[in-house]
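A structural walkthrough
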Amino acid sequence: MSSGSVLPSPALPDAPPLESEAEARERAQLERTWSPLGGLKGWLSDVHHTTIGRRFIVTAFIFFLLGGVEALVMRLQLARPESTVLGPDLYNQVFTMHGSTMMFLFAVPMMEGVGLLLVPLMIGTRNAAFPRLNAFAYYTYLIGGLLMNVSFLLDMGPDTGWFAYVPLSGPEYSPGKRVDVWAQMITFTELSALAGSVNMIATIFKLRAPGMSLNRMPLFVWAQLVKAFMILFSMPAVMLASLYLAMDRLIGTHFFNPAEGGDALLWQHLFWFFGHPEVYIIFLPALGILSSVLAVFARREIFGYLPMVLAMVAIGFIGFGLWVHHMFATGLPQLGQSFFTAASLMVAVPSGVQIFCWLATLWGGKLRLRLPLYWILAFFALFVFGGLSGVMLGAYALDLQVHDTFFVVAHFHYVLIGGAVFPLFGGFYYWFPKFTGRMLSERLGKWHFWLFFAGFNLTFFPMHYLGLMGMPRRVYTYAPDRGWTDLNLLATVGTFIMAVGLVLFVVNVFWSRKRGAVAGDNPWDADTLEWATSSPPPPYNFLHLPTVRGRYALWTQAVDQPIVTGVRSDRPEVLVTRLMDAEPDHRMEQPGPSLWPLAVALSSGVAFTVSIFTPWGIVIGAGLALITLTGWFWPKKPYREELLEEQP
């Protein structure tokens, strides 16, 4: 490997010159090097970050729609007392599917997909650090999601809630294979998340454009970095918990059986050590989206870059110190109550710092009220409301009074939908032109926004009152004399209004992909590097790898901004830079398209799926994994050119 170099650019940024013959040749060579193979084999073996990122996003959105349909069915059941739309057994499956789908198959994978799609472009490189690991992560996630949904269609869907508390989920109270399917789905999705996180950290640390030191990284990249570290430290806990549960159920261990020396509360500790940080894993990337959109539509830099970064890092640390507030009702010593109440309240401090910085940015900005900004402004109202009810629930005394009521349901939907889904839609409207070359329809977009916003508040705001009136969550019906009917009916109406908004969004996407207005390369006059290339980006991302000289790369670009030279175009090479200051270090050739990541994911699928029925599945899967991993890492034939003189 040899170092790349940085030379002054011959181009003027405000007057793009005609492409020279040499540049045209290099562009054609890059096209040949980075374009995927054709046909089905090409589709299955593609490992480029834009392809895998898109697949994550599309798949997660399909699961989001499935989870939404399950929510509609649940709300139909609860719209009237003693309704018979669903029986108790099917209701248990549906609400477990809804929660598991939204938390494991939509929220986290969606944020991973958005990061995978955007981060390499935003830091000015041609691909993620480990492209085959990306493909493996996607196929593993897809297999886990299909396993759970197919099982549901076969009346084997999990039915003990997305948290699967023991002893309810243990072999004594949940015979059959429903819980085993859930436990293996967890293993699939978390394995995928861990693979994605390793890849994200390596990409951000080592592939940034020259000049993009850590203190110049976009806030979205910082959010993805903190999220990736949180996944690394939290996901092993739930993987361990689901492994223990599967072993209790399949081979007769007693990790959670108090009668044999186990501990039922061990499950809750392991699950919530993952479960509470997962909330921040979901909405930290959304906050990064928010910062990206806000800077562009306020036409100014984000107020307080350093406090914003420190606040995200602080949330990443504090998020691991408050899992026990989900267990207040289990009976804690007073010292534990005080500590975890204080920790729960403390996380509001860095969140408040971020809110202040965003409001200060709005205050001094020149606002352009376009569709992406609608979703961001709605975020402020909804997230602050959800955050305040979270502070209430963090207090031990109040939490006991509303524990396991609809008040909790209202709170976490305000935090997760208001704090993550609203910025996500804002980001979709913002980046859609970059990846399609077309603008979304403003008219349909506004209908989508207002219907979704109104429907959301009609659905979840009444649930605060239902909770305070004592309606427990996870019940499939209620008696007519409880006084809960009108608010439940209102919530159901709101759910259908949200669904209409989502239908308009889908129509808008399909219509605009073909007939939307042509966007141009940078329709918002945005500041980050993904807007420096064409829309949609070519397979190699950039003809010349860029350099940066400030936090807002395009806004601070010099007239003679240097470009990177010396990176070969006849091989899939990327420039590796140093961790702190992103100085060029060396060039690295990346592996090309391959079917081996799919083969390894399938062998993992065989192992986990067969082990639901027999422990021999692990042995069979291990053998298959050994074979496929050997193929993955088998050294390739050296390039003939490597025997010749190295290129300058």
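Provided above is the structure to which this section pertains.
Residues numbered from 1 in each chain as written. Predicted model: local features only at pLDDT ≥ 70, side-chain atom pairs only at ≥ 80, totals over all residues. Heavy atoms only, no water.

**Here we look at the overall build of the chain**
Applied cut-off: Numbering of helices and strands starts at the N terminus; helices are DSSP runs of H or I of at least 4 residues and strands are runs of E of at least 2. It is over C-alpha atoms that the radius of gyration is taken, and the globule rule equals 2.2 Å times the number of residues to the power 0.38. For every residue, the accessible area obtained with a 1.4 Å probe (protein chains only) is divided by the maximum for its type, and the residue is called buried under 20%, exposed over 50%, and partly exposed between those limits. In this description, contact between two residues means that some pair of their heavy atoms is separated by no more than 4.5 Å. A 1.4 Å probe and the Shrake-Rupley method give the accessible areas. Residues count as covered only by the protein chains that appear here. Here the positive residues are Lys and Arg and the negative ones are Asp and Glu; neither His nor the chain ends is included. Here the site of a charge means NZ on Lys, CZ on Arg, CG on Asp, or CD on Glu.
Helix and strand counts for the chain stand at 18 helices and four strands. Relative to the globule expectation of 26 Å for 648 residues, the C-alpha radius of gyration of the chain, 25 Å, shows essentially globular dimensions. Principal-axis analysis of the C-alpha atoms places the extent of the chain at approximately 80 × 60 × 50 Å. Out of the 648 residues in the chain, the part that is buried amounts to 57%. A sequence separation of at least 24 residues applies to 81% of the contacts in the chain between residues at least 6 apart. When the accessible area of the chain is evaluated, it comes to approximately 26600 Å², of which 69% is carbon and sulfur surface. Distance between charge centres in the chain, computed from 41 positive and 41 negative side chains, equals 7 Å.

**Observations regarding the nonpolar core**
Here is the rule we go by: What is meant by a nonpolar core is a set of buried Ala, Val, Leu, Ile, Met, Phe, Trp, Tyr and Cys residues, joined one to another through side-chain atoms within 4.5 Å.
Judged by nonpolar contacts, the single largest core of 197 residues is most densely connected at Trp 182, Trp 267 and Trp 358. Per-element accounting of this core gives the leading share, 21 residues, to helix 8 (residues 264–298). In contact with Trp 358, not counting residues within four places along its chain, are Leu 287, Leu 290, Ser 291, Leu 294, Ile 302, Met 308, Phe 379 and Phe 380.

**Some remarks on a nonpolar patch on the surface**
As a reminder of what qualifies: Patches here are clusters of residues that have more than 30% relative accessible area and form no salt bridge, with a 9 Å joining cutoff for like charges and a 5 Å cutoff for nonpolar side chains (Val, Leu, Ile, Met, Phe, Trp, Tyr). By convention in these notes, a salt bridge is any Lys or Arg side-chain nitrogen within 4 Å of a carboxyl oxygen on Asp or Glu.
Residues Val 606, Trp 616, Val 619, Ile 620, Leu 624 and Ile 627 make up a contiguous nonpolar surface patch of about 580 Å² in total accessible area. Of the residues forming the nonpolar patch, the biggest block, five residues, is contributed by helix 18 (residues 616–633). Note on placement: Val 619 falls in helix 18.

**Thoughts on unusual backbone geometry**
The omega torsion of the bond from Val 166 to Pro 167 falls at 5 degrees, within 30 degrees of zero and hence cis. One can find Pro 167 in the loop between helix 5 (131–153) and helix 6 (178–206). The residue after Ser 535, namely Pro 536, is reached through a cis peptide bond having omega -5 degrees. With respect to the secondary-structure elements, Pro 536 resides in the loop between helix 16 (485–515) and strand 2 (563–565). At Asp 525, a residue that is not glycine, the phi angle is positive and equals roughly 55 degrees. Mapped onto the secondary structure, Asp 525 falls in the loop between helix 16 and strand 2. By relative accessible area, Asp 525 is classed as partly exposed at 42%.

**Some thoughts on the side chain of Thr 492**
Defined as follows: Between N or O atoms, a polar contact is any pair within 3.5 Å; within protein, one atom must be a potential hydrogen donor and the other a potential acceptor, and residues adjacent in sequence are included only when both atoms are from side chains.
By secondary structure assignment, the location of Thr 492 is in helix 16. Side-chain polar atoms of Thr 492 contact the backbone oxygen of Asn 488, separated by 3.0 Å.

**So, the packing of aromatic side chains**
Worth spelling out the cut-off: Aromatic pairs are defined between Phe, Tyr and Trp rings, using the six-membered ring for Trp, whenever the two ring centres lie within 6.5 Å; interplanar angles under 30 degrees are classed as stacked, those over 60 as edge-to-face, and all others as tilted. For a ring to carry a charge above it, either NZ of a lysine or CZ of an arginine must fall within 6 Å of the ring centroid while also lying within 35 degrees of the normal to the ring plane.
Tallying each qualifying case throughout the model produces 69 aromatic pairs. Seen from their ring centres, Phe 328 and Tyr 396 are 5.1 Å apart, and the 80 degrees between their planes marks the pair as edge-to-face. Of this pair, Phe 328 sits in the loop between helix 9 (305–318) and helix 10 (334–346) while Tyr 396 sits in helix 13 (residues 396–402); the two residues are 68 residues apart in sequence, bridging distant segments of the chain. Taking relative accessible area as the criterion, Phe 328 reaches 1% and is therefore assigned buried. On the basis of an interplanar angle of 55 degrees and a centroid distance of 6.0 Å, the ring pair of Trp 375 and Phe 452 is categorised as tilted. Residue Trp 375 is located in helix 12 (residues 371–394), and its partner Phe 452 is located in helix 15 (residues 442–468); the two are separated by 77 residues in the primary sequence. Its relative accessible area of 1% is what places Phe 452 among the buried residues. In this structure, Arg 55 is placed above the aromatic ring of Trp 43, and the distance from its NZ or CZ to the ring centre is 3.8 Å.

**Observations regarding the pairing of strand 4 (residues 584–589)**
The test is simple: Pairing between strands is defined by DSSP: at least two bridges between them are needed.
In this structure, strand 3 (residues 573–577) lies alongside strand 4, joined through five bridges in antiparallel fashion. Residue Val 576 lies in a different strand from strand 4, and its bridge partner there is His 586. The turn joining strand 3 and strand 4, which pair antiparallel and follow one another in sequence, is formed by six residues; a positive phi near 55 degrees is taken by Ala 582.

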